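Survey of secondary and tertiary structure
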Amino acid sequence: MGACAEARAWLQWQFVAMFCAAEFTSHAGDDKLSREEFLANQPDPNEAPKRFDAFDADNDGFLSREEFISK
Ligand SMILES: [Ca+2]
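Every chain's residues receive numbers from 1 upward, in the order its sequence appears when written. With pLDDT at 70 or above as the cut-off, local features in this predicted model cover only qualifying residues; side-chain atom pairs require 80 or more to be listed or tallied, and sums for whole chains, interfaces and linings still use all residues.

1. Focus: the overall build of the chain
Segments assigned H or I by DSSP are reported as helices when at least four residues long, segments assigned E as strands when at least two residues long, and all are numbered from the N terminus. Within the chain, the regular secondary structure consists of four helices and two strands. Counting from the amino terminus, the chain carries its helices and strands in the arrangement α-β-α-α-β-α. Our exposure labels follow a C-beta count within 10 Å of each residue's own C-beta, placed from the backbone: buried means 20 or more other C-beta atoms, exposed means 12 or fewer, and partly exposed covers the counts in between. Residues counted as buried form 6% of the 71 residues belonging to the chain. Contacts are defined on C-beta atoms placed from the backbone: any two residues whose C-beta positions lie within 7 Å are in contact. Put simply, 45% of the contacts in the chain that link residues at least 6 apart link residues at least 24 apart.

Written as structure tokens, this is what we have:
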């Protein structure tokens, strides 16, 4: 993938992330999203796990609201 296409894809994802941050919900009722909860809301099962790993800054297997928004 060229640098431009890569940058464009990243920007698009950032937009989606910002949009989704407003709807950040955890089914468990805490402020964390498990990998399962995250993937349940993702349309592309091949790419979504990579995004989860990219978001999970401390690698604890959960996305906190902070991790989700700060990326
Ligand atoms: Ca985490």
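Back to the write-up after that little detour.
2. Some details on the environment of Leu63
Considering the arrangement of structural elements, one finds Leu63 in strand β2 (residues 62–64). Put simply, Leu63 and Ser34 are 29 residues apart on the chain and 6.3 Å apart in space, counted from C-alpha to C-alpha. Apart from residues lying up to four places away in sequence, Leu63 is in contact with Lys32, Leu33, Phe38, Phe52, Phe55, Asp56 and Phe68.

3. Some thoughts on unusual backbone geometry
Positive phi is not limited to glycine here, since Asn59 has a value of about 55 degrees. Its place among the elements puts Asn59 in the loop between α3 (48–55) and β2.

4. Here's the deal with the environment of Ile69
In this structure, Ile69 sits in helix α4 (residues 65–70). Overall, Ile69 belongs to the partly exposed group, with 15 C-beta atoms counted inside 10 Å. When the C-alpha atoms of Ile69 and Phe55 are compared, they prove to be 8.8 Å apart, with 14 residues separating the residues in sequence.

5. Description of the confidence of the model for the chain
A score from 0 to 100, pLDDT tells how confident the predictor is in each residue. The pLDDT averaged across the chain works out to 78; a share of 75% of its residues lies at or above 70. Across the chain, α3 holds the top mean pLDDT of 90, while helix α1 (residues 3–21) sits lowest at 74.

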